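A closer look at the structure
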Amino acid sequence: MKTSTVVVGELVSPFCAAGVDDASDLLKRLFRSFNGSFALRLWNGTALRLGKAGPDQPDPPFTLVFRNPCVVRSMVLGRDRLRLAEAYFRGDIDIEGDFFAALSLKDHLNSIRLSFSERLGAVFSAFLLRAPDEARPGSGSQRSSLHGRAVKAHSKTENRDAIQFHYDVSNEFYALWLDEAMVYSCAYFEQPGDDLEQAQQAKLDHICRKLLLKPGDRFLDIGCGWGALVIHAAQHYGVQAHGVTLSQQQLEIAHQRIALAGLEDRVTVELRDYRDLQGESVFDKVASVGMFEHVGLKNLAVYYSTVNRLLKPQGLFLNHGITHDVEGWSKTSSAEFINRYVFPDGQLDTVSNIQRGMERARFEITDVEGLRPHYALTLRHWVSRLEQHHEQALQYVSESTYRVWRLYMAACALEFESGEIGIYQVVASKRVSGSASVPLTRRHLYPPLRLAPI
């Protein structure tokens, strides 16, 4: 592999210069088999071009910037699988250029294979690297503030704390990159070129049509967020809607939006755990959109039985949730990342297991739709909008929090595109004897015109 090294900027001390040489040699070894090309700039200005592509190839799509030797050292000696993500959140690593392309380094780092002598040499080189100041600012309290509290039993208290950790960051922060209705779940793109506003409105309509909502229906939205679905269902389908959330900040915005829409007589929302909802055969239709991932695999039977209890006979239930390509929720680096920084209570399973659990709870599956390409598009829209509002975002959150959201959404977009994770809308009917409560065909899902408010 050919590499080019250029030193720019002021002269550095012999100690730092030696560290740069050690780091350069080590990085060349680690990335010599990278299937592509990228630029790397070290803390003293040294620039490297790494990967299989030769120097005559087009400019690399991104530049990785290492701010100090500790980053290189931790690549070899660090025990935390998420050490490079931590370094990015602290600002010890920066990425210039194509952010999505840079995330392809994750697969390469997981696939590195060195001989015994190469590993020994890498460890020796890593030991030689020292930062001038090992105690960098922001590595203590800032780091702990980015970590959610570990969830073990998915108790009501744990779920509440986890939801508030993620959703109570700042309403203003979310408003910068979500659509106008603040729908924080997979959009529905009727055309690839639809903008985010169109796609989210199409998703709300799609859900309402699947549930066959009609005037007079009592409709429950579990995990109602900022109220977009309950408002839409009341405005366009004439239902009596109720939503529950565990986020105080979401609740406040939902109340404001319901009042602004003049729907206080038809739409209510409250701060309540779904397990605390009372009554039997209360609702005609129930939706759960983007909440299912927080339930916890051990609690799914309780979740399904609660929904079944709340539904009237032949009532419809739409479960919209992310799935995994393998059974259970194993401690992969991706799973650990999500649980540490984003969703402390997040757990995924396969769509087949999800349906099996619904059937055991006496639901009849009536419709299943995979939306994996739609979520990949949604996430790319969110990342683009977040990046466009970087400076504004820092008025509401720290730079580290901004970086967590940017990395998590970009990484998720790539996982949806690869098929590692998926997302499904599963519609089920509360099982009773007799004919099904759904039409014979699916034509009702694709009306020629959008509905006007009633």
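The structure under discussion appears in the preceding block.
Procedures and definitions
- Residues numbered from 1 in each chain as written.
- Predicted model: local features only at pLDDT ≥ 70, side-chain atom pairs only at ≥ 80, totals over all residues.
- Heavy atoms only, no water.
- 1 Å grid on protein atoms, 1.4 Å probe; cavity = no way out; pocket = protein on both sides within 12 Å on 5 of 7 lines; lining within 4 Å.
- Points joined across faces, edges and corners; volume = space filled by probe spheres on them.
- Helix = DSSP H or I, 4+ residues; strand = E, 2+ residues; numbered from the N terminus.
- Nonpolar A, V, L, I, M, F, W, Y, C, P; charged D, E, K, R; others polar.
- Buried < 20%, exposed > 50% of the residue type's maximum accessible area, 1.4 Å probe, protein only.
- Axes fitted to C-alpha atoms, helices over the stretch in contact; angles between N-to-C directions.
- Left-handed = near helix turned anticlockwise from the far one by under 90°.
- Contact = heavy atoms within 4.5 Å.

**Some points on empty space enclosed by the protein**
- If you walk through the whole model with that rule in mind, you get four cavities of 30 Å³ or more.
- Along the walls of the largest cavity sit 33 residues, with Gly223, Cys224, Gly225, Val289 and Met291 positioned nearest its centre.
- Elements with a contribution of two residues or more to the lining of the largest cavity: α8 (156-167), α10 (196-210), β6 (218-222), α11 (228-237) and β7 (240-245).
- Considered class by class, the residues forming the lining of the largest cavity number 18 nonpolar, nine polar and six charged.
- There is about 400 Å³ of room inside the second largest cavity.
- Around the second largest cavity, the lining is made up of 27 residues, and of these Glu293, Ile322, Ile338, Phe343 and Cys412 lie nearest the centre.
- For the lining of the second largest cavity, the secondary-structure elements that each account for two or more residues are β10 (311-324), α14 (333-342), α16 (372-388), α18 (399-418) and β12 (421-430).
- Ranked by residue count, the leading element in the lining of the second largest cavity is α18, at four residues.
- Here the residues of the lining of the second largest cavity are counted per class, giving 16 nonpolar, eight polar and three charged.

**Describing unusual backbone geometry**
- Of note in this structure, Met182 is not a glycine but carries a positive phi near 60°.
- With relative accessibility at 6%, the residue Met182 sits in the buried group.
- In this structure, Leu212 takes a positive phi of about 55° despite not being glycine.
- According to the relative accessible area criterion, Leu212 is partly exposed, its value standing at 25%.

**A closer look at the packing of helix α3 (residues 83-90) against α14**
- The N-to-C vectors of α3 and α14 enclose an angle of 35°; their axes lie 11 Å apart at closest approach. Handedness of the α3/α14 crossing: right-handed. Within the contact between the two elements, α3 uses Ala85, Glu86 and Phe89 and α14 uses Phe337, Arg340 and Tyr341.
- For the contact of α3 with α14, the residue count by class is four nonpolar, no polar and two charged.

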